[in-house]
Amino acid sequence: MIHSIDGSQFKQMVLHGAAAITRQKQQINDLNVFPVPDGDTGTNMSLTIGTAAAELRKGSMAAIGQAASVTASALLRGARGNSGVILSLLFRGMSKTLKGRDTADGAALAGAMQEGVASAYGAVMKPAEGTVLTVSRLAAKRAAEAAGENNDVEYVLGEAIRVGYEVLAQTTDMNPVLKKAGVVDAGGKGYLVILEGMLASLRGEPMPEVDEGAPKQDKADFNVFSEEEITFAFDTVYIVRKTDPNVDLKPLRVYLGSIGDSLVIGEDDEAFKVHVHTNVPGDALTESQKYGTLELAKIENMRTQYDDVAAGKKAQSVDDLERVEEELEKGGVPAEPAKRYGFLAVCAGDGLAEVFKDLGVDGVISGGQTMNPSTESILKEIEKVPAETVFVLPNNKNIIMAAQQCVGLTGKEVVVVPTETIPQGVTAMMNVDTEMEPDELLGVMSGAISGVSTAQITYAARNSDFDGFAINEGDYLSLLDGKLFGTNQDINVMLDKLAEKAAEKGAEFVTLFYGEDVSEEQAQAAEQLFTEKCPDAELSVLPGGQPVYYYIISIE
């Protein structure tokens, strides 16, 4: 049994945990009970801890307090979706307890886990049982008990995981929604997968290989590497024009072999081309220039490319240089306040973005269902707004917590308006009065959204027996204020029923935002249907361009 762990061990444990959930993220996504295509708990948790893994790889950490701090800081900025935010809070609490420590034994780890649970519960307005909160709380409780029996870290963590899985199995009965679907909580499962990965690292088990089944492309697949396998960071390729066509390159070959691997040298009478993996690309270039004139060089950092892929990003290459230069020219300095209030909206679709811009938002963050932006990406956009106070409209309930984490991370005052849908965000912006004080304006905007209903039409991502509906993959689904309203294989049936519901509500204003998969002719037909059912309502039809949802409908 391993009694205590230091910073280096904690780092490897987090890296192993990140690889474990990346490997199983789709299984966790599939546990999402609602059959709409937003099953992204596994993806969000994987991307969130992936940011910590990327940061940890940048250096060595002897003290566990330092490793835990780096982990918590990266998780905070990389948090995506509610599940990602809660995961970041669990590790933030751990960091508080481990601060200043060189090592941690079983009791210290158990205390850190309990502090993590306290941080998570403290941030959730209405904690629900049968979720990751329950699983983490009871796992931490068992960890504390286990430390009294055997103070070895390995024993304590193993017992926490064992009880955590017992609790996870019970979440099906704790939560009515989970019980109807017959599944366990996805967030709780994700948390335990990470802890299992951490324990596996402690026991010396190999890092899980990540194979998403993606088609092979003519480029390096960084998912197949573990950190240890990338011995030499820089993929270095260059061409040198020879000064002597008969020059002997054997000494160069020996030198390059001493500072790297994967060495290939091709030559003709005029030039030679080198490919080598090395940690000192400058030395390779300098030595090679003794044999001729450097003509062309390409150097790519395989570690950062691996980190990008692990974090769910596109791996940067020299092909991205022009784009990177443009971003650098824009500058990363926070915009100086030029006005009192600024506004940011989250949405997906060019049409929806234009709607929000017309209503006065200063910036649009691309995101929504299946595309939850991280805290860091939201924070970057906040910094760009030239205002003292920035109001953020998440327009999705799974983005609100990530937006709230930005409070305190910038010199600007950040106010998050709790908009859960696009129509709520639009209505909130229509009620902006910049003469009000921040708290007063937040109250007005929040109050306005209570008067709008949101209907949506999407498709079933999986077979399900949900809330009395027998649902088949590919069926059209209609949602009303977040609840399943109906299902059918004919989208017009769904539109008709929603139009009838709007009429029942006495709708005065109805706006249809049609998605990227809906033609203008189809949208006009939907408009005609609502016109017939709601003759007294003011009706608008706009191209939203949103993915996932064929229609997003505002009913007021």
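Heads up: these notes are all about the structure in this document.

What counts, and at which threshold
Residues numbered from 1 in each chain as written. Predicted model: local features only at pLDDT ≥ 70, side-chain atom pairs only at ≥ 80, totals over all residues. Heavy atoms only, no water. Helix = DSSP H or I, 4+ residues; strand = E, 2+ residues; numbered from the N terminus. Buried < 20%, exposed > 50% of the residue type's maximum accessible area, 1.4 Å probe, protein only. Areas by Shrake-Rupley, 256 points an atom, 1.4 Å probe, with all protein chains shown as cover. Axes fitted to C-alpha atoms, helices over the stretch in contact; angles between N-to-C directions. Parallel < 35°, antiparallel > 145°, perpendicular 65-115°, else oblique. Left-handed = near helix turned anticlockwise from the far one by under 90°. Contact = heavy atoms within 4.5 Å. Nonpolar A, V, L, I, M, F, W, Y, C, P; charged D, E, K, R; others polar. Salt bridge = Lys/Arg side-chain N within 4 Å of Asp/Glu carboxyl O. Pairing = 2+ DSSP bridges. Core = buried A, V, L, I, M, F, W, Y, C linked by side-chain atoms within 4.5 Å. Phe/Tyr/Trp six-rings, centres within 6.5 Å; stacked < 30°, edge-to-face > 60°. Expected span 1.5 Å × (residues − 1). Right-handed = clockwise from strand over helix to strand, strands pointing away.

1. Looking at the overall build of the chain
Secondary structure assignment for the chain yields 20 helices and 18 strands. Within the span of the chain, comprising 556 residues, buried residues form 52% of the whole. Counting only carbon and sulfur atoms, one obtains 48% of the accessible surface of the chain, whose full area is about 25200 Å².

2. Focus: the packing of helix α1 (residues 7-29) against helix α9 (residues 186-202)
At a minimum axis distance of 7 Å, the contact between α1 and α9 shows a crossing angle of 140°. As judged from the angle between their axes, α1 and α9 are oblique. Considering the relative orientation of α1 and α9, their crossing is right-handed. For the pair α1 and α9, contact is made by F10, Q12, M13, V14, H16, G17, A20, I21, Q24 and I28 and by A186, K189, G190, V193, I194, G197, M198, A200, S201 and L202, respectively. Residue composition of the contact of α1 with α9, by class: twelve nonpolar, seven polar and one charged.

3. Overview of the pattern of salt bridges
Where charged atoms from two side chains of opposite charge approach closely, those side chains can pair. One pass over the full model with this rule turns up 16 salt bridges. One salt bridge in this structure joins E437 and R340, with 2.8 Å as the shortest N-O distance. With E437 in the loop between α17 (422-430) and α18 (438-449) and R340 in strand β7 (residues 339-347), the pair connects residues that are 97 residues apart, well separated along the chain. In this structure, a network of salt bridges that share partners links the residues R142, E145, E149, E159, R162 and E166.

4. Considering the sheet that holds β7
Taken in spatial order, the four strands make up an open sheet running β8-β7-β9-β10, and their pairing is parallel. At either margin of the open sheet sits one strand with a lone partner, and together these are β8 (363-366) and β10 (413-416). Strand after strand, the sheet turns through a mean of 25° between neighbouring axes, direction not considered. One ladder, built from four bridges, connects strand β9 (residues 387-393) with β10; its direction is parallel. Opposite V390, over in β10, you have V414 as the bridge partner. Strand contacts of helix α14 (residues 350-358): β7 and β8, with the helix running at about 165° to β7, the strand carrying the most contacts.

5. Some words on the sheet that holds strand β14 (residues 476-480)
With mixed pairing, six strands are arranged side by side in an open sheet as β15-β14-β11-β18-β16-β17. Of all strands in the sheet, those with a lone pairing partner are β15 (483-488) and β17 (538-543), marking the two edges. Neighbour-to-neighbour, the strand axes of this sheet turn through a mean angle of 15°, independent of strand direction. Set on the sheet, α14 makes contact with β16 (509-514), β17 and β18 (551-555); between it and β17 the angle comes to about 125°.

6. Section: unusual backbone geometry
The phi dihedral of N395 is positive, around 60°, even though this residue is not glycine. Residue classification places N395 among the buried residues on the basis of a relative accessible area of 5%. With a phi close to 50°, D481 is a non-glycine residue in the positive phi region. Mapped onto the secondary structure, D481 falls in the loop between β14 and β15.

7. Describing the nonpolar core
By size, the foremost hydrophobic cluster in this structure holds 84 residues, and its most contacted members are F10, M113, Y191, M198 and I378. Broken down by element, the residue count for this core peaks at nine residues, all from α9. With residues near it in sequence (within four places) discarded, M198 still touches F10, M13, V14, G17, F91 and L157.

8. Looking at the packing of aromatic side chains
For the coordinates displayed, the defined rule picks out four aromatic pairs. By way of ring pairs, the aromatic residues Y341, F343 and F391 are connected into one cluster.

9. What about the environment of I64?
Looking at the element boundaries, I64 is found in helix α3 (residues 64-78). Judged by its relative accessible area of 1%, I64 falls in the buried class. On a C-alpha basis, the gap between I64 and F10 in space is 6.4 Å, while along the polypeptide they are 54 residues apart. Leaving out residues up to four positions away in the same chain, I64 has contacts with I5, D6, G7, F10, L98, R101, D102, T103 and A104.

10. Re the side chain of T71
Among the secondary structure elements, T71 is positioned in helix α3. The residues contacting T71, other than those within four sequence positions of it, are F10, V14, A52, L56 and F91.

11. Here's the deal with the packing of helix α5 (residues 106-123) against helix α6 (residues 132-149)
One can describe the packing of α5 onto α6 by two numbers: an axis separation of 8 Å at closest approach and a directional angle of 155°. The angle between α5 and α6 falls in the class roughly antiparallel. Between α5 and α6 lies a crossing whose hand is left-handed. Here α5 contributes G106, A107, A110, M113, Q114, V117, A120 and Y121 to the contact with α6, which in turn contributes L133, T134, S136, R137, A140, K141, A143, A144 and A147. When its residues are assigned to classes, the contact of α5 with α6 shows eleven nonpolar, four polar and two charged.

12. A few points about helix α2 (residues 41-56)
In a regular helix each residue adds 1.5 Å, so 16 residues correspond to 22 Å; α2 covers 23 Å between its end C-alpha atoms and thus fits that length. The buried fraction of α2 amounts to 14 of the 16 residues, a majority that puts the element mostly inside the structure.

13. Concerning the pairing of β8
With burial as the criterion, only one face of β8 is covered, namely that bearing G363 and I365; the residues V364 and S366 on the opposite face remain uncovered. Relative to β8, β7 runs parallel, the two being bridged by four bridges. When the bridges of β8 are listed, L344 appears paired with G363. One crossover worth recording links β7 to the parallel β8 by way of α14, and it is right-handed.

14. Remarks on helix α4 (residues 81-98)
With 18 residues, α4 extends 26 Å from end C-alpha to end C-alpha; this agrees with the ideal 26 Å at 1.5 Å per step. Here α4 lies mainly inside the structure; 14 of its 18 residues are buried.

15. Quick look at the environment of G190
Position of G190 among the secondary structure elements: in helix α9. The sequence separation of G190 and Q27 amounts to 163 residues, and the corresponding C-alpha distance is 9.5 Å. If we ignore the near neighbours within four places in the chain, the residues touching G190 are I21, I28 and M45.

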